[in-house]
Amino acid sequence: MLDLARLQALRAVQTFGTVTAAAGALHITPSAVSQHLAKLERETKATLVEKDGRRLRLTEAGRVLAEHAARVLAAVEEAEAALAAHQETVSGRLSIASFPTACRGLLPHALRRLAADHPALEPALLESDRESSFAGILRGTVDVALIDEWLEIPVTYPAGVASVELGLDVGDLIVPAGHRLADGPGPVTLDEVRDERWIGSTPNTVCHEWLLRMLPGLEPAILVNEFETQLTFVAEGLGVAFIPRLARTALPAGVVARPVAPEAARRVSVAWRAAAAVRPAIGATVAALREAWAMRPAPGEMPEWATPEGVVQVV
């Protein structure tokens, strides 16, 4: 009978391409990965991997076995999740990955709800970008992830990852209070702001890519990722910015938020491994995030958790 640990090693090498990366994903040494592969090749009497420069590439036999291994390992995880569901106890460690603004806008309420309703659960939170969150889900280091995607840039979810949409996070144009577009009927059109001095996120981020798709050829004058910092620059009259509402707990003095036309929004979803869907901790976390989304404050309102009585500390 094929050993599960060896099948895991083969799948990890297929996913990450090197023994070192596979070892990191499995939390074992590179030597252990190499030993697993060598023993698997002896057991199957087939060459499963071959060198491709500094990487490892699966042979045809290796790919066939890896495809079957994926189904076997998914079945094992489903069995573990079903057993956990049978016990009906929301407990154990659970890793949550989230993009930064959801850490601010959703996780404080969700974590507080989980702590109150399921004290035996031990959630851990990691701020992460989308690709890192997907990679964590696939290698098993992340249980639940909050994912954002601009509607103009749809995301393809990896095979084996399930998700549910929380809703749309609308973005607004943020301008200084004395700006020519600070007041007026109806939303602001993109043509009206194309020649403004822009404050945006750094290249290779979701928000930067979205801004360039919305306004091709745009070259922001100031590049910072933290939305609170962007708001500060706008308040000083140094430019305009586009900021999602989930990122704004409150608008500082000296800035005005204006809707844009056509409306710009990003989809916010919760993702997890499909094989672990029946695990009670997954269901409880998704429910807490849905509640946090439903109870998020309107733009400019102070969320309950930000008041002195509602401060949440996560260790």
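Everything discussed here concerns the structure shown above.
Residues numbered from 1 in each chain as written. Predicted model: local features only at pLDDT ≥ 70, side-chain atom pairs only at ≥ 80, totals over all residues. Heavy atoms only, no water.

Asker: I'd like a description of the pairing of strand β5 (residues 144-150), backed by residues and values.
Answerer: Across the seven residues that make up β5, a large majority, seven, are buried. Going residue by residue along β5, you find Val144, Leu146, Asp148 and Trp150 tucked away on one face and Ala145, Ile147 and Glu149 tucked away on the opposite face as well. Of the pairings in the sheet, the one linking strand β3 (residues 92-98) to β5 comprises three bridges and is parallel in character. From the neighbouring strand, serine 98 faces β5, where its bridge partner is leucine 146. With seven bridges joining them, β5 and strand β13 (residues 264-273) adopt antiparallel strand pairing. Its bridge partner being in β13, valine 144 is matched across the sheet by tryptophan 272. (Buried < 20%, exposed > 50% of the residue type's maximum accessible area, 1.4 Å probe, protein only. Helix = DSSP H or I, 4+ residues; strand = E, 2+ residues; numbered from the N terminus. Pairing = 2+ DSSP bridges.)

Asker: Can you lay out the packing of helix α6 (residues 107-117) against helix α11 (residues 280-294) for me, pointing to particular residues and giving the numbers?
Answerer: In the contact formed by α6 and α11, the axes pass within 8 Å of each other and the chain directions differ by 135°. Considering the angle they form, α6 stands oblique to α11. Read as a crossing pair, α6 and α11 show a hand that is right-handed. Residues Leu107, His109, Ala110, Arg113 and Leu114 of α6 pack against Ala284, Thr285, Ala288, Leu289, Glu291 and Ala292 of α11. (Axes fitted to C-alpha atoms, helices over the stretch in contact; angles between N-to-C directions. Parallel < 35°, antiparallel > 145°, perpendicular 65-115°, else oblique. Left-handed = near helix turned anticlockwise from the far one by under 90°. Contact = heavy atoms within 4.5 Å.)

Asker: How would you sum up the packing of aromatic side chains? Please name residues and give values.
Answerer: Inspection of every chain in the model, using the stated rule, returns four aromatic pairs. Ring geometry for tryptophan 150 versus phenylalanine 242: centroids 6.0 Å apart, planes at 55°, classification tilted. Residue tryptophan 150 is found in strand β5, and its partner phenylalanine 242 is found in strand β10 (residues 241-244); the two are separated by 92 residues along the sequence. Both rings, one in tryptophan 210 and one in phenylalanine 242, keep their centres 4.3 Å apart while their planes meet at 25°; by these two values the pair is stacked. Remark: phenylalanine 242 occurs in strand β10 and tryptophan 210 occurs in helix α9 (residues 206-214); sequence separation between them is 32 residues. For the pair tryptophan 210 and phenylalanine 242, a shared accessibility class is recorded, and that class is buried. Through a chain of ring-to-ring contacts, three or more aromatic side chains come together here, namely Trp150, Trp210 and Phe242. It is arginine 296 that lies over the ring of tryptophan 293; its NZ or CZ is 3.8 Å from the centre. (Phe/Tyr/Trp six-rings, centres within 6.5 Å; stacked < 30°, edge-to-face > 60°. Lys NZ or Arg CZ within 6 Å of the ring centre and 35° of its normal.)

Asker: Residues and numbers for helix α2 (residues 19-26), please.
Answerer: When we look at burial in α2, the residues that qualify are Val19, Ala22, Ala23 and Ala25. For α2, the angular spread of the buried residues around the axis is 160°, confining them to a single face. Looking at the buried side of α2, the elements it contacts are α1 (4-16), α3 (30-44), β2 (55-58) and α7 (130-139). Immediately beyond the C-terminal end of α2, within one or two residues, lies histidine 27, with a positive phi of roughly 60°. (Arc of directions from axis to C-beta.)

Asker: A description of the environment of valine 13 should follow, citing residues and the corresponding values.
Answerer: Tracing the sequence through the fold places valine 13 in helix α1. Taking the C-alpha atoms as reference, valine 13 lies 8.6 Å from alanine 23; in sequence the two are 10 residues apart. If we ignore the near neighbours within four places in the chain, the residues touching valine 13 are Thr18, Ala22, Val33, Leu37, Val49, Leu56 and Leu58.

Asker: Outline α9, supporting the account with residue identities and numerical values.
Answerer: Of all the residues in α9, the buried ones are Cys207, His208, Trp210, Leu211 and Met214. One face of α9 carries all of its buried residues, which in axial projection span an arc of 165°.

Asker: Describe the nonpolar core, with residues and values.
Answerer: In terms of nonpolar packing, the biggest core is built from 31 residues, with Leu173, Trp198, Trp210, Leu211, Leu215, Phe242 and Ile243 touching the most fellow members. Sort the elements by how many residues they give to this core and α9 lands first, with four residues. Dropping the residues within four chain positions of it, tryptophan 198 is found in contact with Leu173, Val193, Leu211, Leu215, Leu218, Pro220, Ala221, Ile222, Val240, Ala241 and Phe242. The next biggest cluster of nonpolar side chains, apart from the first, holds 27 residues, and it includes Leu94, Ala110, Leu166 and Val286. (Core = buried A, V, L, I, M, F, W, Y, C linked by side-chain atoms within 4.5 Å.)

Asker: Can you explain unusual backbone geometry? Please cite residues and give values.
Answerer: Of note, the amide linkage connecting alanine 261 to proline 262 takes the cis form, showing an omega dihedral of 0°. Although it is not a glycine, lysine 45 sits at a positive phi angle of roughly 55°. Along the chain, lysine 45 turns up in the loop between α3 and β1 (49-52). The exposed category is assigned to lysine 45, whose relative accessible area is 76%. A positive phi is found at asparagine 204, a non-glycine position, where the angle reads about 70°. Tracing the chain through its elements places asparagine 204 in the loop between β8 (199-200) and α9. In this structure asparagine 204 comes out as exposed when scored by relative accessible area, which is 74%.

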